[in-house]
Amino acid sequence: MVLMRARKAMTVIAWAAGALVLVLFVGWLGFQIEPSPFPDYPQTQPASLETVALPAGLPAPVERFYRTVYGDRIPVVTSAVLTGRARVRPAGPLYLPARYRFTHVAGQDYRHYIEVCWFGIPILRINERYVDGESLAEIPIIGTDSGPKMEWSANQGMWAETWQFPALFLTDPRVRWEPLDAETALLVVPFKDTEQSFVVRFDPASGLPTWTETMRYKGSASAEKTMWLTHADAWAELDGVLTNTVGSATWIDDGQPWATFRLEDLRLNVDVNKYVRGRGI
């Protein structure tokens, strides 16, 4: 009798363990499936953009980069809509599949919308914005955040994303480049009544930027800034222009990227004035 009960208990335990393994496997499998992309932004960019001459006096690695991408004429960018897919870690070690749309009034405002998906179905919706100098992050699990430190960080995030349309670093009169050495330059950008800076490292073989480094707050509760690095994982032609199509971002104390973004569609100089102030897709 005792032996029979023990066998039944073992059977129940085995079934429970098997069910748990199955649930974990299904959960893991759902995060291996890439979501479908967002629908195209409803407005196409102009067939051609206004251009200006490549300015003189740039640091050597900076001039080499811009000649490689644009030649002697630099497009004037006023807005951008970046759409693609990503792998993100909103909390914990697990990378989750996502799709995103980042909307910019170039050098002024931006809005992020990210959907983390399971079996291609959105389960987390992240809304972030930096509009009129004020920042608000709404991240499920983590919560909401805002305030002066978030504004500092949001401005850095905005300019870091400008690498997808780097012409702005030359056409915005508030931005300047300073030389450091043959493969490195300092990018200085505006922030309210002061400035922020990025160390930009260029690949000696290709001349393309690889790493950027800056000191950034993780959130409003951060006592001090942490080194934040972005890496240009891949460059490819997008609409005939050499573009940083895959990039990742890493906090130095974390040691691995918290997100990798793959740009799939880029719209420049489209009307985003209302869209940048919205929520969702």
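For the structure itself, look to the data block above.
Residues numbered from 1 in each chain as written. Predicted model: local features only at pLDDT ≥ 70, side-chain atom pairs only at ≥ 80, totals over all residues. Heavy atoms only, no water.

### Here we look at the overall build of the protein
Worth spelling out the cut-off: By definition, any uninterrupted DSSP run of H or I lasting at least four residues is a helix, any uninterrupted run of E lasting at least two residues is a strand, and each is numbered from the N terminus. Using a 1.4 Å probe on the protein chains alone, a residue whose accessible area is under 20% of its type maximum counts as buried, one over 50% counts as exposed, and one in between counts as partly exposed. Contact between two residues is taken to exist if any of their heavy atoms lie within 4.5 Å; hydrogens are not considered. Only the protein chains shown count as cover for residues, and all accessible areas are computed by the Shrake-Rupley method using a 1.4 Å probe.
A tally of regular secondary structure across the protein gives 4 helices and 15 strands. The buried share of the protein, taken over its 281 residues, is 48%. Sequence-distant contacts in the protein: of pairs separated by 6 or more residues, those separated by 24 or more amount to 52%. Looking at the protein as shown, the accessible area adds up to about 14200 Å², and 60% of this sits on carbon and sulfur atoms.

### What to know about empty space enclosed by the protein
Operational definition: With a 1 Å grid spanning the protein atoms alone, the term cavity applies to any set of points in which a 1.4 Å probe fits but cannot get out, the term pocket to an open set with protein on both sides within 12 Å along at least five of seven lines, and the term lining residue to any residue with an atom within 4 Å of a point. Grid points are joined across faces, edges and corners, and a volume is the space filled by probe spheres set on the points. Any residue outside Ala, Val, Leu, Ile, Met, Phe, Trp, Tyr, Cys, Pro, Asp, Glu, Lys and Arg is labelled polar, Gly included; the first ten of those are nonpolar and the last four are charged.
What the rule picks out here adds up to 1 cavity of 30 Å³ or more. Elements represented by at least two residues in the lining of the largest cavity include exactly β6 (121–131) and β7 (134–139). With 3 residues, β6 is the single largest residue contributor to the lining of the largest cavity. Residues belonging to the lining of the largest cavity are distributed by class as follows: 1 nonpolar, 2 polar and 5 charged.

### A short note on the pairing of strand β14 (residues 241–251)
Quick reminder of the rule: Following DSSP output, two strands are said to pair if at least two bridges run between them.
Of all 11 residues that make up β14, 9 are buried, and the element is covered over most of its length. In terms of strand pairing, strand β13 (residues 226–238) meets β14 through 10 bridges, oriented antiparallel. Bridged to A236 within β14 is T243. Counting the residues that bridge the hairpin from β13 to β14 gives 2 residues, and of these D239 lies at a positive phi of roughly 55°. Strand direction decides the pairing type here: β14 and strand β15 (residues 259–268), joined by 4 bridges, are antiparallel. Following the sheet pairing, A249 is matched in β15 by A259.

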